Amino acid sequence: MNKEKKHILSGMQPTGRLHLGHYLGVLTNYVHLQHDYDCYFMAADLHSMTVFYSNYKEAQNYILPLISDWLAAGINPEKAVIFVQSDVPQHSELAVILGMYTPVSWLMRNPTYKEKQENVEKDIDSLGFLGYPVLQAADILLYDADLVPIGEDQLPHLDLTRDIVNRFNHFNKSGNDEKVFKLPKPLLSKFPKVLGTDGRKMSKSYNNTLILSEEEDSLMKKIMTMKTDTARIRKTDKGNPLNCPVFTYYDFFCKDRKDEASSGCKTASIGCKDCKNIIGSEIVKNLTPFREKWHEVKDDHNLVFDILSDGAKKAKKKASETMERLKEKLGFH
Ligand code: TRP
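S.K.: Whenever I open this one, empty space enclosed by the protein confuses me. Can you help?
M.R.: Tallied over the entire structure, the rule returns 1 cavity of 30 Å³ or more. As a volume, the largest cavity reaches approximately 100 Å³. As for the largest cavity, its lining consists of 13 residues, and the residues nearest its centre are Arg 232, Cys 244, Cys 265, Cys 272 and Cys 275. Those elements that provide at least two residues to the lining of the largest cavity are α12 (245-248), α14 (258-266) and α15 (272-286). For the lining of the largest cavity, the residue count by class is 9 nonpolar, 2 polar and 2 charged.

Given below as structure tokens:
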């Protein structure tokens, strides 16, 4: 790989088939970035273990579908390194060391920690769950990532990574030599928040998703049931596009039809069904290449295994270089 290119690391937890929120929120960024950066994309199976600790095999079953979704979206294993977190033991090793530089109070304050503790039904009162962001910092720092493409919800984790780097560098200064870790920056997509069929944020836990690999009719059916401006009851009522979740979709795939839809809605010259038909067919059309590629790869387990074993080798190489640099700095013998 080219030494001068900047580095990217990102990961997703293997928890099920990806939806439009993932696609617009991060996945399209992955696809664009792979051309200009040294990219490492990882299935974060150790992170998912915070929830799947009692049925870990289930989490492992989600790895292949996650990678198939990535390939279908256009991530190219010739360009990006695609790997599974637990295949690279350095993630766990670095997390232990970074833990020494992470005050527990920082972790307790982390908004994701509080939010999940309250909302996840399972008992996740574990050291592993509290330390989730430390493991994430290890992921990022092992690959010298300059940029980390993430969804908005992950920003607090990136802040924590930066805080840990600063604290580590503060305690491990020696003259003006190079720092072991650089400060990574987040990279958000143009569409950080995609609304689901019920008008709330699109999320698996709300059951309001449009699945990327879903067949056309099923996608179309879901879109036809989408919430619109709830104050517009009859087609003859004038609507307010700014209160309509469907209207937000124009920005994604058919910006050029947005103004026409807006005035049509405000004057009641088009109905919500018309709008949904437009949006639905645009989404179906735009996801056609994804669906086609997905059908090609979804059952090709050998292909995915080969990609992951090659990815693990490349990732281990980079991760072990970082660990050597770190151990030398700290004075491990
Ligand atoms: N926490 C991320 C999520 O749930 C997944 C993740 C794990 C990640 N390690 C990472 C994202 C490193 C970016 C960088 O979406």
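S.K.: Would you take a moment to explain the packing of aromatic side chains for this structure?
M.R.: Working definition: an aromatic ring pair is given by the centre-to-centre distance plus the angle between the planes. One pass over the full model with this rule turns up 16 aromatic pairs. Arranged with centres 4.7 Å apart and planes meeting at 35°, the rings of Tyr 40 and Tyr 143 form a pair that is tilted. Residue Tyr 40 is located in strand β2 (residues 38-43), and its partner Tyr 143 is located in the loop between α9 (132-142) and β4 (147-149); the two are separated by 103 residues in the primary sequence. Accessibility classification places Tyr 40 together with Tyr 143 in one group, the buried group. Judged by centre distance (5.4 Å) and plane angle (45°), the ring pair of Phe 83 and Tyr 143 falls under tilted. Separated by 60 residues along the polypeptide, Phe 83 in strand β3 (residues 81-84) and Tyr 143 in the loop between α9 and β4 bring together distant segments of the chain. Taking relative accessible area as the criterion, Phe 83 reaches 0% and is therefore assigned buried.

S.K.: Could you clarify how one ought to interpret the pattern of salt bridges in this entry?
M.R.: For side chains bearing opposite charge, pairing can occur when the charged atoms are close. Applying the stated criterion across every chain yields a total of 16 salt bridges. Here Asp 144 ties to Arg 325 by a salt bridge, and the two come within 2.8 Å at their closest N and O atoms. Separated by 181 residues along the polypeptide, Asp 144 in the loop between α9 and β4 and Arg 325 in helix α17 (residues 301-330) bring together distant segments of the chain. The exposure class of Asp 144 is buried, given its relative accessible area of 10%. A salt bridge links Asp 251 to Lys 255; the shortest N-O distance between them is 4.0 Å. Its relative accessible area of 26% is what places Asp 251 among the partly exposed residues. Connected through shared salt-bridge partners, Asp 144, Lys 318 and Arg 325 make up one network.

S.K.: Would you mind showing me how to read the domain arrangement of the protein chain here?
M.R.: A common way to state how big an interface is: give the accessible area lost once the parts meet. Domain parsing of the protein chain yields domain 1 (7-194 + 301-330) and domain 2 (214-294). The C-alpha-based centres of domain 1 and domain 2 are spaced at 34 Å. With 11 residues of domain 1 at the contact, the number on the domain 2 side is 10 residues. Approximately 960 Å² of surface area, both sides summed, lies buried where domain 1 meets domain 2, with 77% of it carried by carbon and sulfur atoms. Looking at the side of domain 1 facing domain 2, the largest losses of area belong to Leu 20, Ala 72 and Phe 191, adding up to 44% of the total buried there. Here domain 1 and domain 2 share 0 salt bridges between them. At the junction of domain 1 with domain 2, the criterion picks out 1 residue pair in polar contact (both at pLDDT 80 or more). Of all the secondary-structure elements, those providing two or more residues to the side of domain 1 that touches domain 2 are α1 (20-33) and α4 (63-73). Among the elements that take part in the side of domain 1 that touches domain 2, α4 stands out by supplying 5 residues, more than any other. Tallied by class, the residues present in the side of domain 1 that touches domain 2 amount to 8 nonpolar, 1 polar and 2 charged.

S.K.: How should I be thinking about the packing of α15 against helix α16 (residues 288-297) in this particular structure?
M.R.: For any two helices packed against each other, the geometry comes down to the angle between their axes and how far apart the axes lie. Remark: α15 packs on α16, axes separated minimally by 4 Å, with the N-to-C direction vectors making an angle of 40°. Considering the angle they form, α15 stands oblique to α16. Across the interface between the two elements, Val 284, Lys 285 and Asn 286 of α15 pack against Thr 288, Pro 289 and Arg 291 of α16. Taken together, the residues that form the contact of α15 with α16 break down as 2 nonpolar, 2 polar and 2 charged.

Reading guide: rules and limits
All residue numbers here refer to positions counted from 1 along the written sequence of the relevant chain. Where totals are concerned, whole chains, interfaces and linings use all residues; where local detail is concerned, this predicted model gives features only for residues with pLDDT of at least 70, and gives and counts side-chain atom pairs only at 80 or more. Water and hydrogen atoms play no part in the side-chain values, which are based on all heavy atoms of the structure. Residues are said to line a cavity or pocket when one of their atoms sits within 4 Å of a point; the points come from a 1 Å grid over protein atoms alone, cavities being sets where a 1.4 Å probe fits but cannot get out and pockets being open sets with protein on both sides within 12 Å along at least five of seven lines. Grid points are joined across faces, edges and corners, and a volume is the space filled by probe spheres set on the points. Helix and strand definitions follow DSSP, with helices as H or I runs of at least four residues and strands as E runs of at least two, each counted in order from the N terminus. In this count, Pro and Cys sit with the nonpolar residues alongside Ala, Val, Leu, Ile, Met, Phe, Trp and Tyr, while Asp, Glu, Lys and Arg are called charged and the others, Gly among them, polar. Here a Phe, Tyr or Trp ring, Trp counted by its six-membered ring, pairs with any other such ring whose centre lies within 6.5 Å, and the pair is stacked when the planes are under 30 degrees apart, edge-to-face when over 60, and tilted otherwise. Only protein chains enter the accessibility calculation, which uses a 1.4 Å probe; a residue whose area is less than 20% of its type maximum is buried, one above 50% is exposed, and one in between is partly exposed. A pair is scored as a salt bridge if a Lys or Arg side-chain nitrogen falls within 4 Å of a carboxyl oxygen belonging to Asp or Glu. Domain start and stop positions are those given by an automatic or database domain assignment. It only takes one pair of heavy atoms within 4.5 Å for two residues to be counted as in contact. Buried area counts how much accessible surface, traced with a 1.4 Å probe, disappears from two parts once they are put together, with both parts' losses summed. In protein, a polar contact requires one atom able to donate a hydrogen and another able to accept it; more generally it is a pair of N or O atoms within 3.5 Å, and residues adjacent in sequence count only if both atoms are side-chain atoms. In this analysis, axes come from line fits to C-alpha atoms, helices being fitted only over the stretch in contact, and the angle between any two N-to-C directions falls in the range 0 to 180 degrees. Note that the term roughly parallel is reserved for angles under 35 degrees, roughly antiparallel for angles over 145, roughly perpendicular for angles of 65 to 115, and oblique for everything else.

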